[in-house]
Amino acid sequence: MAGVVAAGQSTVGSLFRDRAGLHPDAPAVQSATRALSFGELNERVNRAADTLREFGVARGDRVAVLSENRSEYLELELACAKLGAICACQNWRLAPPELAHCIALVSPKLLVVSERHADLLARAAVGAIPTVRLGADYEARLAGSRPDEPEIVAEPEDGLLILYTSGTTGLPKGAVISHRAELARYHVFFVELGVRPGDSALAWAPLFHMAGTEPSLCTLLTGGKVIVVDGFRPDEIAFHIGREAFGYVILMPGMIEPLVTELRSRAIRPVGVRLCGAMAALVPAHQIADVTTLLRPPYLTSFGSTETGAPPASGNVIPVGQVPTRLSKRQNAFCEIRLVDEGDRDVPPGVPGELAFRGPTCFSGYWNAPDTNARDFRGGWFHMGDMFVRNADGTLDFVDRVKYMIKSGGENVYPAEIERVLLSEPRVADAVVVRRADARWGEVPVAVVAPKDAALTAAELLARCRAELAGYKQPKEIVFVSLDDLPRSTTGKIQRQEVEVWLKRRDSPGR
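Residues numbered from 1 in each chain as written. Predicted model: local features only at pLDDT ≥ 70, side-chain atom pairs only at ≥ 80, totals over all residues. Heavy atoms only, no water.

Within the protein, the secondary structure is distributed over 16 helices and 25 strands. On C-alpha atoms alone, the protein measures out to a radius of gyration of 23 Å, which is about the 24 Å that the 2.2 N^0.38 rule sets for 511 residues. A buried classification covers 56% of the 511 residues belonging to the protein. Total accessible area computed for the protein in this model is approximately 20,600 Å², and 53% of it derives from carbon and sulfur atoms. Of the charged side chains in the protein, 58 are positive and 62 negative; the average position of the first set lies 2 Å away from that of the second. (Helix = DSSP H or I, 4+ residues; strand = E, 2+ residues; numbered from the N terminus. Rg over C-alpha atoms; globule rule 2.2 N^0.38 Å. Buried < 20%, exposed > 50% of the residue type's maximum accessible area, 1.4 Å probe, protein only. Areas by Shrake-Rupley, 256 points an atom, 1.4 Å probe, with all protein chains shown as cover. Lys, Arg positive; Asp, Glu negative; His and termini not counted. Charge placed at Lys NZ, Arg CZ, Asp CG, Glu CD.)

In structure tokens form, the structure reads like this:
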């Protein structure tokens with residue numbers, strides 16, 4: 001029976017190897033500095049795998065990568081895939097203490113860092129971990145390595161990636177994405193997002209994020225070309241849209257208006273885009289109409305996560321040119337969902353419940369977090385921490401987060417992350433962070449602080465936040481109040497929702 005089971009399994013590394021063998025001369029990766037065919041990319045992947053082996057990297061080991069978007073990033077992910085190692089994708093937006101936590105969490109056998117982020121790594125002071133620098137160091141090592149195909153020892157349930165998510169306790173968690181989950185997520189791209197084999201992908205979203213890495217690897221496994229862009233650059237993105245056919249162009253809140261401006265100012269006519277957008281609920285409705293009119297595909301009403309991929313509720317689209325008035329979501333195929341109460345009992349339609357998820361796109365738990373995994377996977381379902389209502393027509397409406405979270409420009413920000421820093425200031429008696437609607441980013445964090453010392457300034461607290469938190473986690477405003485003004489429950493807990501309502505009233509016109 002073992003042979004029967006093995007015959008039904010594939011991994012990302014083996015599938016890429018075969019794809020490169022079928023179409024060695026087809027274009028695979030294009031960036032500002034390099035263009036590679038599938039044959040050339042596969043040879044570099046094999047040399048990278050040999051380089052990793054020289055550092056003792058084997059199946060199950062972690063390789064931490066800290067780099068901007070560049071073709072070498074994809075080489076390293078695929079090299080790890082062939083060896084059965086796990087690529088731990090580091091977020092260069094993090095402050096040094098956060099980055100130090102993320103690297104220490106996974107105990108990497110090797111660190112690969114670009115020149116741009118070498119100083120950040122140095123300031124993180126992660127200790128004596130063998131390190132390779134992208135650039136001359138990396139190229140020299142590849143030149144001295146073997147191009148032979150490595151023996152592929154990975155199995156479908158082995159980890160392929162570790163992608164980091166914000167933590168409810170104030171520190172990021174490492175979500176382990178297996179080969180099985182990645183391949184299932186690629187099926188969703190084709191069946192439900194309309195991507196087709198051979199479509200190109202535009203990798204502008206950070207490759208440490210699922211929005212950058214997953215479409216890129218999916219495209220390579222199905223014979224398409226990945227155009228790597230070094231971050232959100234509206235001019236470059238518009239340029240490529242006018243010259244290349246894309247399956248799915250992901251757009252985040254805050255990025256749409258600059259892209260619309262660029263497309264209009266340069267009168268760019270898209271070659272072809274099948275689908276665009278993400279997180280429609282956080283985007284001004286007129287921007288959705290504008291960008292779909294210019295690009296000519298529908299806009300995705302998405303609800304997924306690092307832990308689940310595009311599912312569970314990314315099955316609806318907004319037609320071209322439409323200003324949406326309803327943003328209900330629809331359950332994806334290839335997954336099961338339940339809406340449950342606090343006792344994990346199913347709730348009826350019309351009643352809010354936490355979304356519990358099950359399906360092949362599901363991640364394999366958080367790295368080295370047994371207590372969190374036991375709680376979140378109770379009963380064999382992954383509990384997402386998001387509250388939904390199921391409508392009579394089967395669609396789903398988002399209600400709120402069980403654990404209050406701020407979605408800012410596509411990034412998750414938990415208040416606990418910011419509150420941890422604010423409360424470490426001895427002159428702060430208490431603090432609470434809430435979300436505020438923002439025309440560009442969808443939501444931004446605002447901190448309400450009760451100081452012990454009247455001389456404490458917002459500038460001092462913001463400086464502390466800048467030293468310890470990623471830029472997108474910085475409070476956009478710090479509001480000082482007295483300790484007695486913070487609304488509390490009978491148990492003494494600050495009532496975050498009441499603080500949010502108070503700030504809305506304060507900011508309303510006429511006040």
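According to the stated counting rule, one finds 11 aromatic pairs in the structure shown. On the numbers, 5.2 Å between centres and 65 degrees between planes, the contact of Trp204 with Phe232 is edge-to-face. Taken together, the residues Trp204 in the loop between strand 9 (201–203) and helix 9 (210–221) and Phe232 in the loop between strand 10 (226–228) and helix 10 (234–241) connect sequence positions 28 residues apart. Residue class for Phe232 comes out partly exposed when judged on its relative accessible area of 24%. These aromatic residues form a ring-pair network of at least three members: Phe363, Tyr366, Phe377 and Phe382. The lysine or arginine in question, Lys173, covers the ring of Tyr366, its NZ or CZ lying 4.2 Å from the ring centre. A cation sits over an aromatic face here: Arg338 above Trp381, 5.3 Å from the ring centre. (Phe/Tyr/Trp six-rings, centres within 6.5 Å; stacked < 30°, edge-to-face > 60°. Lys NZ or Arg CZ within 6 Å of the ring centre and 35° of its normal.)

Right, let's talk about the nonpolar core for a bit. One finds Phe16, Leu52, Trp204, Leu220 and Tyr299 to be the most contacted residues of the largest nonpolar core, which totals 104 residues. Among all residues touching Leu220, those that are not within four sequence positions of it are Phe16, Arg19, Ala28, Val29, Phe38, Leu41, Leu74, Leu78 and Val226. If you look at the next biggest cluster of nonpolar residues, it comprises 48 residues, including Leu94, Ile103, Leu121 and Leu461. (Core = buried A, V, L, I, M, F, W, Y, C linked by side-chain atoms within 4.5 Å. Contact = heavy atoms within 4.5 Å.)

A word on the sheet that holds strand 17 (residues 336–340). Backbone-to-backbone hydrogen bonds pair the strands of a sheet. The strands run either parallel or antiparallel. Spatial strand order, 17-18-19-20: 4 strands in an open sheet with antiparallel pairing. Among the strands making up the open sheet, the edge pair consists of strand 17 and strand 20 (396–401). Averaged over all pairs of adjacent strands, the angle between strand axes in this sheet comes to 45 degrees, irrespective of strand direction. Across 5 bridges, strand 19 (residues 382–390) lies against strand 20 in antiparallel orientation. Residue Phe388 lies in a different strand from strand 20, and its bridge partner there is Phe398. (Pairing = 2+ DSSP bridges. Axes fitted to C-alpha atoms, helices over the stretch in contact; angles between N-to-C directions.)

Glancing now at the packing of helix 2 (residues 12–22) against helix 4 (residues 71–83). For the pair helix 2 and helix 4, the least separation of the axes is 7 Å and the interaxial angle reads 115 degrees. Here helix 2 lies roughly perpendicular to helix 4, going by the angle between them. Residue-level inspection shows Val12, Gly13, Phe16 and Arg17 of helix 2 in contact with helix 4, the latter providing Leu78, Ala81 and Lys82. Across the contact of helix 2 with helix 4, the residue classes tally to 4 nonpolar, 1 polar and 2 charged. (Parallel < 35°, antiparallel > 145°, perpendicular 65-115°, else oblique. Nonpolar A, V, L, I, M, F, W, Y, C, P; charged D, E, K, R; others polar.)

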